[in-house]
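# Per-entry structural report
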Amino acid sequence: MWTRAAWTEAAVAVINRTGETIPMPVAIIGVPGGLEVRHDQLKELVKASKIAAYEVLGRDVVLYWRAMKAEERVELPISLVAAVPGTYTGPASRTYLYYTDEHKHWVEGLKAEVRPK
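Here we summarise the structure given alongside this text. For clarity, every value in this text was computed on a predicted model and none was experimentally measured.

### A short note on helix α1 (residues 39-47)
Every buried residue of α1 is accounted for by Q41, L42 and L45. Projected down its long axis, α1 carries its buried residues within an arc of 100°, all on one side. In α1, those exposed residues whose orientation departs by more than 90 degrees from the buried face are K43 and K47. Residues of α1 that are buried in the fold lie against β4 (35-37), β5 (53-57), β6 (60-64) and β8 (73-82). After α1 finishes, the residue S49 shows a positive phi value of roughly 60°.

In structure tokens:
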């Protein structure tokens, strides 16, 4: 028996709003339950130099850059596969500089509804 998995994308935008280059920005994207991250797509983002590295820690996708230029804006999709039907809200997403994690910028968690076929 063959099944077809439904997928979606989380649109991620990280902006350096300062007038100078910032070192080691980090973005943590909270993934709603019922969705799974496509690791192969994250590896492609590293290979294309869109991000320096990533980790998946539970329901969080952690994205790392070495630096961001003044006023630089990075936009990228995170591919997600629908796995378990239900209505979910992910953990809050946040950004900060690697060495100053006490200064976080928080964004409300993503919401998703996964419907059965």
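Structure shown, so let's carry the discussion forward.
### A few points about the sheet that holds β4
The strand order β1-β8-β4 describes an open sheet built from three strands, whose pairing is antiparallel. Of all strands in the sheet, those with a lone pairing partner are β1 (7-15) and β4, marking the two edges. With strand direction ignored, the average angle separating the axes of adjacent strands in the sheet is 40°. Pairing of β1 with β8 involves nine bridges; the strand directions are antiparallel. Residue A10 lies in a different strand from β8, and its bridge partner there is I78. Packed on one face of the sheet, α1 meets β4 and β8 and runs near 160° to β8.

About the thresholds
- Per-chain numbering applies: the sequence of each chain, read as written, is numbered from 1 onward.
- Totals for whole chains, interfaces and linings use every residue, but because this is a predicted model, local features are given only for residues with pLDDT of at least 70 and side-chain atom pairs only at 80 or more, for both listing and counting.
- Working from all heavy atoms in the structure, the side-chain values ignore hydrogens and water.
- Only protein chains enter the accessibility calculation, which uses a 1.4 Å probe. A residue is then buried if its area is under 20% of the maximum for its type, exposed if over 50%, and partly exposed in between.
- Starting at the N terminus, helices and strands are each numbered in turn, a helix being any DSSP run of H or I of at least four residues and a strand any DSSP run of E of at least two.
- The arc in question is the one spanned by the directions pointing from the helix axis to the C-beta atoms.
- Here, two residues are considered to be in contact whenever any of their heavy atoms come within 4.5 Å of each other.
- When DSSP finds two or more bridges between a pair of strands, those strands are recorded as paired.
- With axes taken as lines fitted to C-alpha atoms, and helix axes fitted only over the stretch in contact, angles between N-to-C directions fall between 0 and 180 degrees.

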